[in-house]
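The chain contents come next:
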Amino acid sequence: MRIENHPILAFADAATVEFTFNGQALSGREGEPIAAALHDAGVRVLRHSPRYHRPRGLFCAIGNCSSCLMTVNGVPNIRVCVEPLRAGMTVETQDGKGRLA
Amino acid sequence: MKEVDIVVIGGGPAGLSAAVHAAKMGAGVLLLERSQALGGQLVKQTHKFFGSRQEFAGERGFDIAHTLMEQIAQQEKIEVWTNATALGYYPDGVLTVKRNENFRTFRPRKLIVATGASEKALAFPNNDLPGIYGAGAVQTLMNLYGVMPAKRVLMVGAGNIGVIVAYQLLQAGVEVAAVIEAAPRIGGYWVHASKIRRCGVPILTGHTIRQAHGTTQLTGVTVCRLDEKWTMIPGTDTLFEVDGLCLAVGLSPLTELLWQAGCKMNFVPELGGYVPWRNEYLQTTHKNVYVAGDVAGVEEASAAMVEGKLAGLAAAFALNHQTADFAADYRAAKQQLNALRSGPLSAKVCHGLCKVMLEEAM
Amino acid sequence: MSDDIIVCRCEDIKLSEIRGHIEQGAHTTEEIKRRCRCGMGPCQGRTCMPIVAQELSKATGKSVGEIQLPTFRQPTAAIKLGALTGGDGDD
Amino acid sequence: MLAIDGTATAEDLQAVLPTPDRRRRGAVAVIECFQEIPCNPCADACPRGAITMPENISQRPVFDPDKCNGCGVCVGRCPGLAIFVVDYSYGEDTALLKIPYEFRPLPQAGDSVTALDRQGAAVGSARVVKVQEQKNRTTILWLAVTAAMATAVRNIRLSGEVRA
Amino acid sequence: MQWGTETNCLLSRESTHMLENLAELLEVDVDIELHQGGYLMPAYTEKMAGQFKKNLELQNTLDIPARWVTPQEAKEIVPLLNTDGMIGATFCAKDGHCNPFKATEAYARAARRLGVEIRTYTEVTGLYAECCNIRKVKTTTGDISTSHVVMAAGGYSKPLCRTVGVEIPLYPERHEILVTEPVDPVQEAMVMSFHHNLYCQQSPHGSFIMGIGHPDLPESFDTRSSWEFLQEMARRVLKVLPGLAGLNVIRQWAGLYDMSPDRQPILGPVGGVDGLHIAAGFSGHGFMISPVVGRIVAEKLLGLPTVLPVDMFDAGRFQRGELFIEPSVV
């Protein structure tokens, strides 16, 4: 969910772009981290962990922790907390270690 | 390979200030910032800062960031690289950098490390469920991108970050179920605590997490009380039905590059963990490596800015750059830092700093 | 969901495993790393090593400051092999 | 207690609330700053020199109620949102409060809102007299409350809104 | 097992057999993560192809199941392989790798069970000999009296032997290595290219591990990493395995090879000091042959006949000018 009316901050306008998440059409703001657009759409499970297949989501938001690795445009292990959203991206939940394209 | 006078690593309050003051002395500066934008944690801070006018007291963190960025833009001697991560510092004095998706190498004559700190994690069952965030992540989502992290959040940690982010959550329209804190006392400024308290948010000191619940994402958190030996008291469980859990349980300095440089380090709990030995010029035991801000010991942003100034001036001076007011400028900044650290709340930091101060001068 | 605690997110390592290695005589972060890969993932141990150090401190009676951390190896952030071939060209 | 749950005790407040004599003379600031933090914008803000820092910025501000006229400039400047203005001379049994407010949506002058105490509990209703928006985005709300509530009320909730 | 001399072929063949059955052999319950995905060794010149084919003949007479493969077959074995310029390759499916930490642990457990005392966190500071006989080992946790010492301290063997006046021609050489983040298995076999002077394998865990050989590195105990290695490694490996370009490097480190003048180990007693036996100088391929070498060292120590002949590796060969020439070594 987006913050509609903030007492202190004004959020810069960015173009709305379309992308897909596991085949589902979603939209977000161009250039924001993919994880932000997914959160706005209510998607918080970003991957499943390599050994126990536990659901994982956004945790550190600075590209440190490996919690948010997803497959983007076919490339595995993309840190979506820092990867900017671009129009037409294919974003997929990653199960395990990811397949080298 | 590019030769540079001074490379500043980190575009937060310490790094920005270091770059400005080194450039004012006449040194060429390359400023590296790993994220898309300068400002570090400042850009996520919606509250007004403490301190005095010199440290922009009364202004909000993100406004201060913009002021510093303007100062940077005015300095021709500063080159700014964003999306640029320092990858390694090698024995031959070469710094490697990833900028966008390119690999670059430098041989800086002086290096100012202002990499800040990273958030500590907490071990409890199901601590990896989606919906559990570091406080920094929550701030990034809400305050940079305008996205709510959850509908109802439990905050862990009543240090300044915990109480400040709890207030920011309320400002964003997110419900805050409570702030819990393992210590028997609130660590953050009482004024920040009072702000969330009068919004009806309970602050539960002497409480910790027993367990998080949820199958695919967070649905609740069981909290229990701690006795004076920090052990969980049976029968004191409370369940909070929340879809967000925010961890603000402390910071530890991001010191990888300092270890790689072979700087002598010391474990100082008062400063957040391992920090480098340094002299009064913020120079480490590696003569070309200076530090400023949280990487030198976790403290407030105001102190980080002044440390940045000191490190920037000292590194430029060491490269034979001179200005007429250098000595006066330096003395004034020292006094400014001492004033910031003069209160009882800085006693811990001062105590910690004593454990890593080198005596010999530059 | 189990009651166990994930210590290392990268390699999915649980607290019970860490404690098991400590019981079997692993008394340094380096030994634990070699036995179970804790800290060897993409995050370079930033999340897990403080927790491991705490466990070692509890088990050995040493203070956390006396627990030696594993070496901080380069690179501090992940970089693609393809990016490394570029060298010092323009961006 | 502030250190335990973030709420000032009666004793804490005793030291900062206006004396009966000062109450009678009209609007006055209440500086609920109980901790020695390095900070001095309140002293810089006061046009009448009623707030000063004794020696260094880490001490608590010293307040001279006789110099204060309750203008409320400090209310909007205090980084800790810890300064309020209370005016017991506002009406027969009504006091005027000026409180800092940083939430949206803002109430409008004339609205009736729920008055909250220092723990966020509803203690009655308040009438919004004026909404003073400021450049620094800390809005100052002027609230009319019963005199009996004036030392307790420190926040508001819009009608029908449940924040926590 | 794809060596060019009978001795090395046999040492590695026997060691492979031992590793294949290590748990039974040592009577310990340890999974050493042995994975026999094969080694692929591409040839890019006629000269190299000629040597490889000669090696194959030798290997096949010794029951080592290596074979010649065409570039196309090589690509089937390693799908990411760039076969441009490749004449062919040799491949032995029985080659593989195992987890060295686990294998060491297995041996340590077996040794302890047999009564061996293992002292960790104990640094050997020197040896002590009297009348040309070993008497003591000096350590940071006290002296140990003994009449026999097996010096298997890698590059540190030389300075330690010096403490009793024995000079062995070893020198440490820094070798750098890098590892990528793990991905699902795509490459079973290790690629070892003499032409590019590199090796690259995907571990069972999923990460790729790779290193390069440097011809004339200075003697050094330095184990710090260099930035040049990252670039050089990436440039070379992407020529052979271009599909790895998108893979993230997460760590680099360096270790020491204990090099001997002919890049072959020094095994057995040394002249001058009785009771001092050397097992060092493995020049980067020690782990591979260590199971059987360990056995041989024990046999020699006890004066028993050895399972394989290793006299050609004796310490005196350098003085005599009888270097052991192995044509197939990185």
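Given the structure is predicted, the values throughout are model-derived calculations rather than measurements.

Peer 1: Outline the overall build of chain C, listing residues and values.
Peer 2: When helices and strands are tallied, chain C shows 4 helices and 3 strands. When the elements of chain C are put in sequence order from the N terminus, they spell out β-β-α-α-α-β-α. For chain C, the C-alpha radius of gyration of 16 Å lies well beyond 12 Å, the compact-globule estimate for 91 residues. Out of the 91 residues in chain C, the part that is buried amounts to 55%. Excluding contacts between residues fewer than 6 apart, the proportion of contacts in chain C whose partners are at least 24 apart in sequence is 45%. Total accessible area computed for chain C in this model is approximately 3700 Å², and 45% of it derives from carbon and sulfur atoms. Taking the average location of the 12 positive side-chain charges in chain C and that of its 13 negative ones, the two points are 3 Å from each other.

Peer 1: How would you summarise the sheet that holds strand S6 (residues 144–145) of chain E if you had to cite specific residues and measurements?
Peer 2: Residue and element names in this part refer to chain E. With antiparallel pairing, 3 strands are arranged side by side in an open sheet as S4-S5-S6. The sheet terminates laterally at strand S4 (124–130) and S6, the two strands that pair on one side only. Bridge count for strand S5 (residues 133–139) against S6 is 2 bridges, and the pairing is antiparallel. Paired with Val137 across the two strands is Ile144, which belongs to S6.

Peer 1: Got a sec to walk through the nonpolar core? Specific residues and values, please.
Peer 2: Grouped together as the largest cluster of nonpolar side chains are 109 residues, with contacts concentrated most on Phe19(A), Leu38(A), Val80(A), Leu169(B), Ile196(B) and Leu143(D). Among the elements that line this core, the one with the most residues is helix H4 (residues 160–171) of chain B, at 6 residues. For Ile196(B), the contacting residues outside a window of four places in its chain are Val163(B), Ala166(B), Tyr167(B), Leu170(B), Val179(B), Val201(B) and Ile203(B).

Peer 1: Go over the packing of helix H1 (residues 15–23) of chain C against helix H3 (residues 48–60) of chain C, please, and point to the residues and values.
Peer 2: Residues and elements named next belong to chain C. For the pair H1 and H3, the least separation of the axes is 11 Å and the interaxial angle reads 40°. If you check the angle between H1 and H3, you find them oblique. The handedness of the crossing between H1 and H3 is right-handed. Taken together, the residues of H3 that come into contact with H1 (itself represented by Leu15, Ile18, Arg19 and Ile22) are Val52, Glu55, Leu56, Lys58 and Ala59.

Peer 1: So what's going on with helix H2 (residues 29–36) of chain C? Which residues, and what values?
Peer 2: Every α-helix carries 3.6 residues per turn, so stepping three or four residues along brings you back to the same face. Residue and element names in this part refer to chain C. Listed as buried for H2 are Thr29, Ile32, Lys33 and Cys36. Projected onto a plane normal to the axis of H2, the buried residues spread over an arc of 105° and lie on a single side. Structurally, H2 contributes buried residues whose contacts are with strand S2 (13–14), H1 and H3. Backbone geometry just downstream of H2 places Arg37 in the positive-phi region, at approximately 70°.

Peer 1: Please set out the domain arrangement of chain B residue by residue, giving values where relevant.
Peer 2: All names here are of chain B. Each assigned domain of chain B is listed here: domain 1 (2–118 + 251–353) and domain 2 (121–247). Between the C-alpha centres of domain 1 and domain 2 the distance comes to 31 Å. With 11 residues of domain 1 at the interface, the matching set in domain 2 holds 15 residues. Between domain 1 and domain 2, roughly 1000 Å² of surface is buried when both sides are summed, and carbon and sulfur atoms account for 59% of that area.

Peer 1: Residue-level account of the packing of aromatic side chains, with values.
Peer 2: Residues and elements named next belong to chain B. In this structure the tally under the stated criterion is 13 aromatic pairs over all chains. Each ring, one from Tyr281 and one from Tyr330, has its centre 5.5 Å from the other, and the planes form 40°; the classification is tilted. A residue pair is termed long-range when its members are at least 10 positions apart, and Tyr281 in the loop between strand S18 (273–276) and strand S19 (289–291) and Tyr330 in helix H8 (residues 326–340) qualify at 49 residues. Taken individually, Tyr281 and Tyr330 each receive the classification buried, so the pair is uniform in this respect.

Peer 1: Report on a nonpolar patch on the surface, specifying residues and quantitative values.
Peer 2: A surface patch of nonpolar side chains, amounting to about 350 Å² of accessible area, comprises Val150(E), Leu301(E), Leu302(E) and Leu304(E). Here Leu302(E) lies in the loop between helix H8 (286–301) and helix H9 (317–320).

Peer 1: Break down the sheet that holds strand S10 (residues 198–202) of chain E for me, citing the residues and quoting the values.
Peer 2: Hydrogen bonds along the backbone pair up the strands of a sheet, which may run parallel or antiparallel. Taken in spatial order, the 9 strands make up an open sheet running S3(C)-S12(E)-S8(E)-S11(E)-S10(E)-S9(E)-S1(E)-S3(E)-S2(E), and their pairing is mixed. A single partner strand is all that each edge strand has here, and the edge strands are strand S3 (79–80) of chain C together with strand S2 (66–69) of chain E. Set on the sheet, helix H3 (residues 46–61) of chain E makes contact with strand S1 (39–43), S2 and strand S3 (88–92) of chain E; between it and S2(E) the angle comes to about 150°. Its contacts with the sheet put helix H7 (residues 227–240) of chain E on strand S8 (171–180), strand S9 (190–193), S10, strand S11 (208–212) and strand S12 (248–259) of chain E, and the angle it makes with S11(E) is roughly 110°.

Peer 1: Could you give an account of the interface of chain E and chain C, with specific residues and numbers?
Peer 2: Each side of the interface is counted separately: chain E has 26 residues, and chain C has 23 residues. Summing both partners gives a buried area of about 2200 Å² for chain E against chain C, and 59% of it is carried by carbon and sulfur. Remark: the boundary between chain E and chain C carries 0 salt bridges. If you look at where chain E meets chain C, you find 11 residue pairs in polar contact (both at pLDDT 80 or more). When contributions to the side of chain E that touches chain C are tallied by element, the ones reaching two or more residues are helix H5 (100–113), S8, H7 and S12 of chain E. By residue class, the composition of the side of chain E that touches chain C is 14 nonpolar, 8 polar and 4 charged. The pairing of S3(C) with S12(E) spans 2 bridges and is classified as antiparallel. Considered in S12(E), the bridge of Lys80(C) is made with Asn248(E).

Peer 1: So what's going on with the interface of chain D and chain B? Residues and values would help.
Peer 2: Note on interface size: it is often stated as the accessible area lost on association of the parts. Listed by partner, the interface residues are 42 residues for chain D and 39 residues for chain B. Interface of chain D and chain B: buried area, both sides summed, is about 3500 Å²; carbon and sulfur atoms make up 54% of it. The tally of links from chain D across to chain B stands at 3 salt bridges. In this structure, Arg137(D) and Asp63(B) form a salt bridge, with 2.7 Å as the shortest nitrogen-oxygen distance. Linking chain D with chain B are 25 residue pairs in polar contact (both at pLDDT 80 or more). Counting residues per element, the side of chain D that touches chain B draws most heavily on helix H1 (residues 2–5) of chain D, at 4 residues. Taken together, the residues that form the side of chain D that touches chain B break down as 18 nonpolar, 13 polar and 11 charged.

Peer 1: If you had to explain the pairing of strand S3 (residues 78–81) of chain B to someone new, which residues and values would you point to?
Peer 2: All names here are of chain B. Pairing between strand S2 (residues 29–32) and S3: 4 bridges, direction parallel. Bridge pairing in S3 places Leu30 opposite Glu79. The β-α-β motif built from S2, the intervening helix H2 (residues 61–74) and the parallel element S3 has right-handed crossover chirality.

Peer 1: A description of unusual backbone geometry should follow, citing residues and the corresponding values.
Peer 2: Here the amide bond leading from Gln74(C) into Pro75(C) is cis, since omega sits at -15°, within 30 degrees of zero. Summarising the element assignment, Pro75(C) is placed in the loop between H3 and S3. Note the cis peptide between Arg104(D) and Pro105(D), where omega equals 0°. With respect to the element layout, Pro105(D) can be found in the loop between strand S5 (94–101) and strand S6 (112–116). For Glu33(E), which is not glycine, the phi dihedral falls at a positive 55°. As for its placement among the helices and strands, Glu33(E) is situated in the loop between helix H2 (22–26) and S1. Positive phi, close to 55°, is recorded for Ser283(E), a residue that is not glycine.

Peer 1: Which residues make up the packing of helix H1 (residues 6–20) of chain E against H8(E), and what are the values?
Peer 2: Residue and element names in this part refer to chain E. One can describe the packing of H1 onto H8 by two numbers: an axis separation of 7 Å at closest approach and a directional angle of 95°. Taken together, the axes of H1 and H8 lie roughly perpendicular to each other. Each of Leu11, Ser12, Glu14, Ser15, Met18 and Leu19 in H1 lies in contact with H8, whose residues at this interface are Met288, Ile289, Ser290, Pro291, Val292, Val293 and Ile296. Of the residues in the contact of H1 with H8, the class split is 9 nonpolar, 3 polar and 1 charged.

Peer 1: Please provide a residue-by-residue account of the environment of Gly40(B), values included.
Peer 2: Residues and elements named next belong to chain B. Inspection of the secondary structure assignment puts Gly40 in the loop between S2 and H2. Separated by 28 residues in sequence, Gly40 and Gly12 have C-alpha atoms that sit 3.8 Å apart. Setting aside its immediate chain neighbours within four residues, Gly40 contacts Gly11 and Gly12.

Peer 1: How would you sum up H4(B)? Please name residues and give values.
Peer 2: Residue and element names in this part refer to chain B. The end-to-end C-alpha distance of H4 is 16 Å, a good match for the 16 Å that 12 residues give at a rise of 1.5 Å each. For H4, the tally of buried residues reaches 11 of 12 residues, placing the bulk of the element in the interior. Listed in full, the buried residues belonging to H4 are Asn160, Gly162, Val163, Ile164, Val165, Ala166, Tyr167, Gln168, Leu169, Leu170 and Gln171. Tucked inside the fold, the buried residues of H4 contact helix H3 (135–144), strand S9 (152–156), strand S10 (175–181), helix H5 (190–197) and strand S15 (244–247). Looking at the residues trailing H4, positive phi occurs at Gly173, about 90°.

Peer 1: An account of the environment of Ala41(A) is requested, with residue identities and associated values reported.
Peer 2: All names here are of chain A. Among the structural elements, Ala41 can be located in the loop between helix H1 (34–40) and strand S3 (47–48). The class of Ala41 is partly exposed, set by a relative accessible area of 39%. When the C-alpha atoms of Ala41 and Arg54 are compared, they prove to be 21 Å apart, with 13 residues separating the residues in sequence.

Cut-offs and rules
- Residues numbered from 1 in each chain as written.
- Chains lettered and ligands numbered in written order.
- Predicted model: local features only at pLDDT ≥ 70, side-chain atom pairs only at ≥ 80, totals over all residues.
- Heavy atoms only, no water.
- Helix = DSSP H or I, 4+ residues; strand = E, 2+ residues; numbered from the N terminus.
- Rg over C-alpha atoms; globule rule 2.2 N^0.38 Å.
- Buried < 20%, exposed > 50% of the residue type's maximum accessible area, 1.4 Å probe, protein only.
- Contact = heavy atoms within 4.5 Å.
- Areas by Shrake-Rupley, 256 points an atom, 1.4 Å probe, with all protein chains shown as cover.
- Lys, Arg positive; Asp, Glu negative; His and termini not counted.
- Charge placed at Lys NZ, Arg CZ, Asp CG, Glu CD.
- Pairing = 2+ DSSP bridges.
- Core = buried A, V, L, I, M, F, W, Y, C linked by side-chain atoms within 4.5 Å.
- Axes fitted to C-alpha atoms, helices over the stretch in contact; angles between N-to-C directions.
- Parallel < 35°, antiparallel > 145°, perpendicular 65-115°, else oblique.
- Left-handed = near helix turned anticlockwise from the far one by under 90°.
- Arc of directions from axis to C-beta.
- Domains from an automatic or database assignment.
- Buried area = accessible area lost by both parts, 1.4 Å probe.
- Phe/Tyr/Trp six-rings, centres within 6.5 Å; stacked < 30°, edge-to-face > 60°.
- Patch = residues over 30% accessible without salt bridge, like charges linked within 9 Å, V, L, I, M, F, W, Y side chains within 5 Å.
- Salt bridge = Lys/Arg side-chain N within 4 Å of Asp/Glu carboxyl O.
- Polar contact = N/O pair within 3.5 Å; in protein donor to acceptor, adjacent residues only side chain to side chain.
- Nonpolar A, V, L, I, M, F, W, Y, C, P; charged D, E, K, R; others polar.
- Right-handed = clockwise from strand over helix to strand, strands pointing away.
- Expected span 1.5 Å × (residues − 1).

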